[in-house]
Amino acid sequence: MKTIFTIIILISSQAFALPEYEKPILEMSSSLKDGHNAPAVSLFVNSTPTINDKRNIGIVLSFIEGQMISGIWTKINEKISLPYIRDDGFRISDFNLKEDNQFSFTIHQESFFIDLIKLKLNTLGKPEIVSLKDLGGDISQLDNINNVYSSHTGLMLKGNSPQKGIYSLNKDNQLVLLVEENKDGVSYIFSPSYNKRGSLAFKARYGAMGEWAESRPDRIILKKNNESIIIASDEDANSASRWSSFRNGVSLNIKDEVCFVGIDSNGRANIVVSLNGKQKVVATEGKEVSKITYFTPIINDHGVVAFRGVNKEGLNGVFVTDGKRIKTILLEKDVLATAIGKVKIFNGRHIPFGGNIGFNNLGDIVINTAISDEKGLEDLGRAVISIYTKK
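So, how was this worked out
Residues numbered from 1 in each chain as written. Predicted model: local features only at pLDDT ≥ 70, side-chain atom pairs only at ≥ 80, totals over all residues. Heavy atoms only, no water. Pairing = 2+ DSSP bridges. Helix = DSSP H or I, 4+ residues; strand = E, 2+ residues; numbered from the N terminus. Axes fitted to C-alpha atoms, helices over the stretch in contact; angles between N-to-C directions. Buried < 20%, exposed > 50% of the residue type's maximum accessible area, 1.4 Å probe, protein only. Core = buried A, V, L, I, M, F, W, Y, C linked by side-chain atoms within 4.5 Å. Contact = heavy atoms within 4.5 Å. Phe/Tyr/Trp six-rings, centres within 6.5 Å; stacked < 30°, edge-to-face > 60°. Lys NZ or Arg CZ within 6 Å of the ring centre and 35° of its normal.

A.B. asks: Requested: an account of the sheet that holds strand S21 (residues 245–252), with residues and values cited.
C.D. replies: The strand order across the open sheet built from four strands is S21-S22-S23-S24, with neighbouring strands paired in antiparallel fashion. A single partner strand is all that each edge strand has here, and the edge strands are S21 and strand S24 (278–284). On average, adjacent strands in this sheet sit at an angle of 25 degrees to one another, irrespective of strand direction. In the sheet, S21 pairs with strand S22 (residues 258–263) via five bridges, with the strands oriented antiparallel. Note that in S22 the partner of Leu 252 across the bridge is Val 258.

In structure tokens, the structure reads:
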């Protein structure tokens, strides 16, 4: 059995301690034969689970009981349910779980946007569902919604009309344009991140309309108090930059710390945290880990970053860092004692993990992974694994 927790010392300092973790818990699983806390023959291969600061969990199921039925699985206040399902072939995506246990998600038919849904469980545990498209207002004017992000003001959207850009959808169902594409030299805006102060961070590509090639200049932008601040530029935008390019996603916390991945002149990916104009590299490929995957690292309000990567032995894993140390939380081939017996994080020759990490401000982690029996001989389907911090 691989050791679940290892520590790599980066800087000799104990000013801030990474959290200690409990043993991993199998929250639910589903295989061709049976399910634990979930229906059998349910698929969620590429779904990203989410966990809020109340330690409530949710994930989208794309296939339920062997049928073309999609739904949302939740564990709210220790109660497990499927509060929303669809049997019309439509796809659920852009799933968010807020601190008040309100969900938001979009409905698509193939690539076409159908609706934006808000859902909240009442005191009896029954879902209260609101279709924002049925409410009218600005949302009905959108030709398409590319992405939805839960925010303290309501929802944040990346849509195609009336103008292409990032919108805030307030409690009155009215859209407020925050950042517009094809303006101020910006040809494309990548997926944004927000915080409860109303700040917004994103990667922007510069050029004329339709100039989206990787060779175009890129910048990481922090927008707060109606001011746009350049956090970092690649060498196409600034020849003196240490970064040849950036990965597409960013993460932002309550302190306006921006976390992004910069690619250096040697082609190595670096996880970078920027605050008040100062950049700090907290993990580098070829040093602490052999590889940083393309899933966006997530920074919480305490400045701890969670990310998916590959360790020096070539094993895929989940890691956290505070910039001083890196802690390995979970690795493929780890064997866990669970409610269904001992299971291995294993998917044959394939990477076991699916989607990104769910990470909250307590430091808790949830991950979607393939599992097998202890010896790696029997496929046991997929599972949602949680690793909670010690209180």
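Now that the structure has been shown, the text picks up again.
A.B. asks: Go over the pairing of strand S10 (residues 112–121) with me, naming the residues and quoting the values.
C.D. replies: Among the ten residues in S10, seven count as buried, and that is most of the element. Two elements, S10 and strand S11 (residues 127–131), share five bridges in a ladder whose sense is antiparallel. Paired with Leu 119 across the strands is Ile 129, a residue of S11.

A.B. asks: Tell me about the nonpolar core, residues and numbers included.
C.D. replies: Core analysis: the largest hydrophobic core is formed by 22 residues, its most contacted members being Val 320, Leu 330, Ile 357, Phe 359, Ile 365 and Ile 385. The set of elements that each furnish at least two residues to this core consists of strand S28 (316–321), strand S29 (325–331), strand S31 (341–345), strand S32 (353–359), strand S33 (365–373) and strand S34 (379–387). Among all residues touching Phe 359, those that are not within four sequence positions of it are Tyr 21, Ile 51, Ile 298, Asn 300, Val 304, Val 305, Ala 306, Val 320, Asp 364 and Ile 365.

A.B. asks: I'd like to hear about the pairing of strand S2 (residues 25–30), residue by residue, with values.
C.D. replies: Most of S2 sits out of view: five of its six residues are buried. Pairing geometry for S2 and strand S3 (residues 35–36), over two bridges, is antiparallel. When the bridges of S3 are listed, Ser 29 appears paired with His 36. Following S2, the chain reverses through four residues before pairing antiparallel with S3.

A.B. asks: So what's going on with the environment of Gly 376? Which residues, and what values?
C.D. replies: Of note, Gly 376 is situated in the loop between S33 and S34. On the basis of relative accessible area, Gly 376 is assigned to the partly exposed category, the value being 21%. When sequence neighbours within four positions are dropped, the list of residues in contact with Gly 376 reads Lys 344 and Phe 346.

A.B. asks: Summarise the sheet that holds strand S9 (residues 102–109); cite the residues concerned and give the values.
C.D. replies: In space, the four strands of this open sheet follow the order S8-S9-S10-S11, with antiparallel pairing throughout. The outermost strands of the open sheet, each flanked by one partner alone, are strand S8 (91–97) and S11. Within this sheet the neighbouring strands show an average axis-to-axis angle of 25 degrees, counted without direction. In terms of strand pairing, S8 meets S9 through five bridges, oriented antiparallel. Looking at S9, one finds that Leu 97 is bridged to Phe 103.

A.B. asks: How would you explain the packing of aromatic side chains if you had to name every residue and give the values?
C.D. replies: Counted under the stated rule, the structure contains six aromatic pairs. A ring pair is formed by Phe 307 and Phe 319, whose centres lie 5.4 Å apart and whose planes are at 25 degrees; its orientation type is stacked. Of the two residues, Phe 307 is situated in strand S27 (residues 305–310) and Phe 319 in strand S28; the sequence distance between them amounts to twelve residues. Joined through ring pairs, the aromatic side chains of Tyr 188, Phe 190 and Trp 212 make up one cluster. In this arrangement the basic side chain of Lys 203 is found over the ring face of Phe 190, its NZ or CZ atom lying 4.5 Å from the centre. When the ring centre of Tyr 206 is taken as reference, the NZ or CZ atom of Arg 219 above it lies at 4.6 Å.

A.B. asks: Account for the environment of Gly 262, with residues named and values stated.
C.D. replies: Structurally, Gly 262 is set in strand S22. Gly 262 gets classed as buried once you look at its relative accessible area, which sits at 0%. Contacts of Gly 262, omitting those with residues within four sequence positions, involve Trp 243, Ser 245, Phe 246, Arg 268, Ala 269, Asn 270 and Val 272.

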